[in-house]
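Coordinate inspection notes
Each chain is listed here by its residues.
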Amino acid sequence: MWYAIISEDVNDSLALRQGARAEHIARLQRLKDEGRLLLAGPHPAIDSEDPGAAGFSGSLVVAEFPSLEEARDWADRDPYVAANVYANVTVKPFKPVLP
């Protein structure tokens with residue numbers, strides 16, 4: 001089943017993100033290589049493709065896992081969690097409809 005992992009950043013998270021980004025992206029790449037990643041990306045903190053120093057307010061990952069428990073476990077082990085980038089992470093089932 002597909003799961004949405006919706007994360008909200010702590011304030012001023014940009015430096016924390018930068019320090020853990022390579023490891024975070026590597027985990028997402030593994031999901032993609034396994035054919036289990038539908039989409040992933042950050043939410044810019046301002047209305048801009050490149051928010052610069054404003055940074056990001058959170059992230060969204062939609063990926064396939066065998067169960068909600070396994071999706072939560074994967075989310076809990078994210079390098080951004082370990083680096084204290086995220087203030088809150090919500091994991092819930094997701095049903096792709098369109099396109």
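If you're wondering where the values come from, they're calculated on a predicted model, not measured in any experiment. (Residues numbered from 1 in each chain as written. Predicted model: local features only at pLDDT ≥ 70, side-chain atom pairs only at ≥ 80, totals over all residues. Heavy atoms only, no water.)

Below, the discussion takes up the packing of aromatic side chains. Counted under the stated rule, the structure contains three aromatic pairs. Seen in terms of ring centroids, Y3 and F65 are 6.5 Å apart; in terms of plane orientation they differ by 55°. Their pairing is tilted. Taken as a pair, Y3 in strand β1 (residues 2-9) and F65 in the loop between β3 (56-64) and α2 (68-76) lie far apart in primary sequence, 62 residues in all. F65 matches Y3 in its accessibility class, with the two residues each being buried. Taken together, a centroid distance of 5.7 Å and an interplanar angle of 50° make the contact between F65 and W74 tilted. Residue F65 shares its accessibility class with W74, and that shared class is buried. Over the ring of W74 we find R27; its NZ or CZ atom is 4.1 Å from the centre of that ring. (Phe/Tyr/Trp six-rings, centres within 6.5 Å; stacked < 30°, edge-to-face > 60°. Helix = DSSP H or I, 4+ residues; strand = E, 2+ residues; numbered from the N terminus. Buried < 20%, exposed > 50% of the residue type's maximum accessible area, 1.4 Å probe, protein only. Lys NZ or Arg CZ within 6 Å of the ring centre and 35° of its normal.)

The next point concerns the layout of surface pockets. Reported here for the largest pocket is a volume of approximately 250 Å³. Considering the residues around the largest pocket, the lining is formed by 16 residues, among which R17, R21, I25, P42 and Y80 are closest to the centre. Mapped onto the lining of the largest pocket, the elements with two or more residues apiece are α1 (14-33), β2 (37-44) and β3. If one sorts the elements of the lining of the largest pocket by residue count, α1 sits on top with seven residues. Classifying every residue of the lining of the largest pocket gives 10 nonpolar, four polar and two charged. (1 Å grid on protein atoms, 1.4 Å probe; cavity = no way out; pocket = protein on both sides within 12 Å on 5 of 7 lines; lining within 4 Å. Points joined across faces, edges and corners; volume = space filled by probe spheres on them. Nonpolar A, V, L, I, M, F, W, Y, C, P; charged D, E, K, R; others polar.)

On to the sheet that holds β1, then. Here four strands make up an open sheet; going across it, the order is β2-β3-β1-β4 and the pairing antiparallel. The strands lining the two open edges of the sheet, one partner per strand, are β2 and β4 (86-94). Along the sheet, successive strands turn relative to each other by an average axial angle of 10°, direction set aside. Strand direction decides the pairing type here: β1 and β4, joined by eight bridges, are antiparallel. Note on β4: the bridge partner recorded for Y3 is P93. (Pairing = 2+ DSSP bridges. Axes fitted to C-alpha atoms, helices over the stretch in contact; angles between N-to-C directions.)

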